[in-house]
Amino acid sequence: MITFIFTSILLSAIAWAIYFFLVRKKTTPRRQKGFIYFSLAGSLLLPLTVSQHTPSFLSPNRAVKPLAFGQQIEPSHLKQYCRCENPNYAHRIRYRANAGYNFLFDYKEWVSGIIFASVGFLILHFIMQVFFLRYLVKTSEKKPVELEGMTFFLLSTQKRLGVGAFRLKNKFIIWQPDMQHLSTEELSAVFRHELSHLRQWNTLEKTILKVIQCFWFVNPVFYFFRRELDFLSECIADEAGAKALPHPREYARLLLKLKSQQYLPIVQHFRGNSLRRRIEVLLGSSSVQTRFSFFPGLLILFFLQGIFVQPLSARISRTLYELETYEEIYHKVVPGQTSAVYCTDCETVCVPDLTE
């Protein structure tokens, strides 16, 4: 599991680099979202195709490494600390104390507890969000509406929650009386925006991302992708909403007006350049000239992830094996011992003092 998680994290970093340099801002928002979906799928599924095995050798590092064949050890030391009748140097591992590893293993239970607590918090937070939405549906005034071939329920909440769309068993749009101050065309634009979120299945998307976060909560690339998906979903919804107005510039003015009046959470959560970037995409001023960058980027993504998945997984497996070996030796050496030799045949520290 640990090999899978770390391999997938490294593959996601490769995917983000390709997305950032070859795809981002160079094609339509829908294609950008599609590329991110493929990136997440490849990062998570490709490590499953690699056989997980414990390596039969160790790669030299400063903590543990195989003992050299030509290294001489006095027979008295060998007999004193090793129970093997026929000692085999190929089965001996050189150990040197590492302060960082020692701290990690001394507080291993605390580290494990923090990890499990973090995952538990994410799951609990998601469950609370679902229950809140169910509570919102139950306590709000519901009005069935059919618009543009989609049937949904308009929710009038007791508290001022802005406007938003979500799916549970049915489709819902949270509505506020303040929105009636908008013109008919502007109201149509807002409805189109929210219907686009329903058609994009953004609630399901966020649910899947919550599941992925349980594995990737220490992966910074995940948060870049999640933020980018939120932004692209808004761009696609903006494109749908702008069709209700004569010109995209009028929709841009509507976004700014709603931003200043703080009606919509779809705009409220944007800060600084994010809203400006949405308007740039809406008005077509973004650099989308190289529209075919999506397909070469996708080919490069699959090629690089396929090439690197095996060596990355093998390297991580060897590193984990070295850590397990180091931990086993660390708990058997005399406290304060900084150098020793471990015999894997009899699982004992056979030579605590080894001269170079």
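**Things to note about the environment of A340**
- The residue A340 is located in strand β7 (residues 339-343) in this model.
- Given the relative accessible area of 0%, A340 is considered buried.
- Residues A340 and I329 lie 11 residues apart in sequence; the distance between their C-alpha atoms is 8.6 Å.

**A short note on helix α6 (residues 184-199)**
- For α6, which comprises 16 residues, the first-to-last C-alpha distance of 22 Å matches the rise-based estimate of 22 Å (1.5 Å per residue) to within 8%.
- Of all the residues in α6, the buried ones are E186, L187, A189, V190, F191, H193, E194, L195, S196, H197 and L198.
- Directly beyond the C-terminal end of α6, a positive phi value near 55 degrees is found at W201.

**Details of the packing of helix α2 (residues 29-45) against helix α8 (residues 220-242)**
- Their axes nearest at 9 Å, the elements α2 and α8 cross at an angle of 150 degrees. Taken as axis vectors, α2 and α8 run roughly antiparallel relative to one another. In the crossing of α2 with α8, the sense of the turn from one axis to the other is left-handed. Together, P29, R30, Q32, K33, I36, Y37, S39 and L40 of α2 and F225, E228, L229, L232, S233, C235 and I236 of α8 make up the contact between the two elements.
- Of the residues assigned to the contact of α2 with α8, the class counts are 9 nonpolar, 3 polar and 3 charged.

**Things to note about the sheet that holds strand β6 (residues 171-175)**
- In space, the 4 strands of this open sheet follow the order β3-β4-β6-β5, with mixed pairing throughout. Pairing within the sheet leaves two strands with one partner each, and these edge strands are β3 (141-147) and β5 (164-167). With strand direction ignored, the average angle separating the axes of adjacent strands in the sheet is 30 degrees.
- Examined bridge by bridge, β3 and strand β4 (residues 150-156) share 7 bridges and lie antiparallel to one another. If you follow L147 over to β4, its bridge partner there is M150.
- Helix-sheet contacts for helix α5 (residues 108-139) involve β3, β4, β5 and β6, and the interaxial angle to β3 is about 95 degrees.

**As for the packing of aromatic side chains**
- What the rule picks out here adds up to 20 aromatic pairs.
- When the centroid spacing of 4.8 Å and the interplanar angle of 40 degrees are considered together, the rings of F103 and Y107 count as tilted.
- Here F103 falls in the exposed class, since its relative accessible area comes to 54%.
- The class for Y107 is partly exposed, based on a relative accessible area of 40%.
- Considering the side-chain rings of F105 and Y326, the 6.0 Å spacing of their centres and the 25 degrees angle between planes classify their relative orientation as stacked.

**Things to note about the confidence of the model for the protein chain**
- Of the residues in the protein chain, 85% reach a pLDDT of 70 or more, and the chain-wide mean stands at 83.
- When pLDDT is averaged over each element of the protein chain, α2 comes out on top at 94 and helix α10 (residues 265-268) at the bottom at 34.
- Low pLDDT (under 50) marks residues 262-273, which in the prediction has 36 contacts with non-local residues, meaning those over four places away or in another chain.

**As for the packing of α2 against helix α12 (residues 294-330)**
- Between α2 and α12, the least distance of the axes is 11 Å, while the angle of their chain directions is 10 degrees. One finds that α2 runs roughly parallel with respect to α12. Contacts between α2 and α12 pair R31, G34, F35, F38, S39, G42 and S43 from the former with F294, F295, G297, L298, L301, F302 and Q305 from the latter.
- In terms of residue class, the contact of α2 with α12 is made up of 7 nonpolar, 6 polar and 1 charged.

**So, the environment of L256**
- Inspection of the secondary structure assignment puts L256 in helix α9 (residues 248-261).
- Judged by relative accessible area, L256 falls into the partly exposed class, the value being 46%.
- Expressed as a C-alpha distance, the spacing of L256 and R276, which sit 20 residues apart in the sequence, is 9.7 Å.

Reading guide: rules and limits
- Every residue gets a number counted from 1 within its own chain, in the order that chain's sequence is written.
- In keeping with the model being predicted, local features are shown solely for residues with a pLDDT of at least 70 and side-chain atom pairs are shown and tallied solely at 80 or more, while totals for entire chains, interfaces and linings include all residues.
- To obtain the side-chain values, all non-hydrogen atoms of the structure were included, while hydrogens and water were left out.
- For the purposes of this entry, the term helix denotes a DSSP run of H or I that reaches at least four residues, the term strand denotes a run of E that reaches at least two, and both are numbered from the N terminus.
- Categorising residues by exposure relies on relative accessible area from a 1.4 Å probe, with only protein chains included: less than 20% of the type maximum marks a residue as buried, more than 50% marks it as exposed, and the intermediate range marks it as partly exposed.
- Expected helix span is computed as 1.5 Å times (number of residues minus one).
- Note on method: axes are straight lines fitted to C-alpha atoms, helices fitted across the in-contact stretch only, with angles between N-to-C directions ranging 0 to 180 degrees.
- An angle counts as roughly parallel when it lies under 35 degrees, as roughly antiparallel when it exceeds 145, as roughly perpendicular when it falls between 65 and 115, and as oblique in every other case.
- Note on convention: the crossing is left-handed when the near helix lies turned anticlockwise from the far helix by less than a right angle, right-handed when the turn is clockwise.
- By definition in these notes, contact holds between two residues if any of their heavy atoms fall within 4.5 Å.
- Note that Gly is not counted as nonpolar here; it falls among the polar residues with everything else outside the nonpolar set of Ala, Val, Leu, Ile, Met, Phe, Trp, Tyr, Cys and Pro and the charged set of Asp, Glu, Lys and Arg.
- The rule for pairing is simple: two strands pair if DSSP sees at least two bridges between them.
- A pair of Phe, Tyr and Trp rings is counted when the ring centres sit within 6.5 Å of each other, with Trp represented by its six-membered ring. The angle between the planes then sorts it: under 30 degrees is stacked, over 60 is edge-to-face, the rest tilted.
- Confidence of the predictor at the level of single residues is captured by pLDDT, which takes values from 0 to 100.

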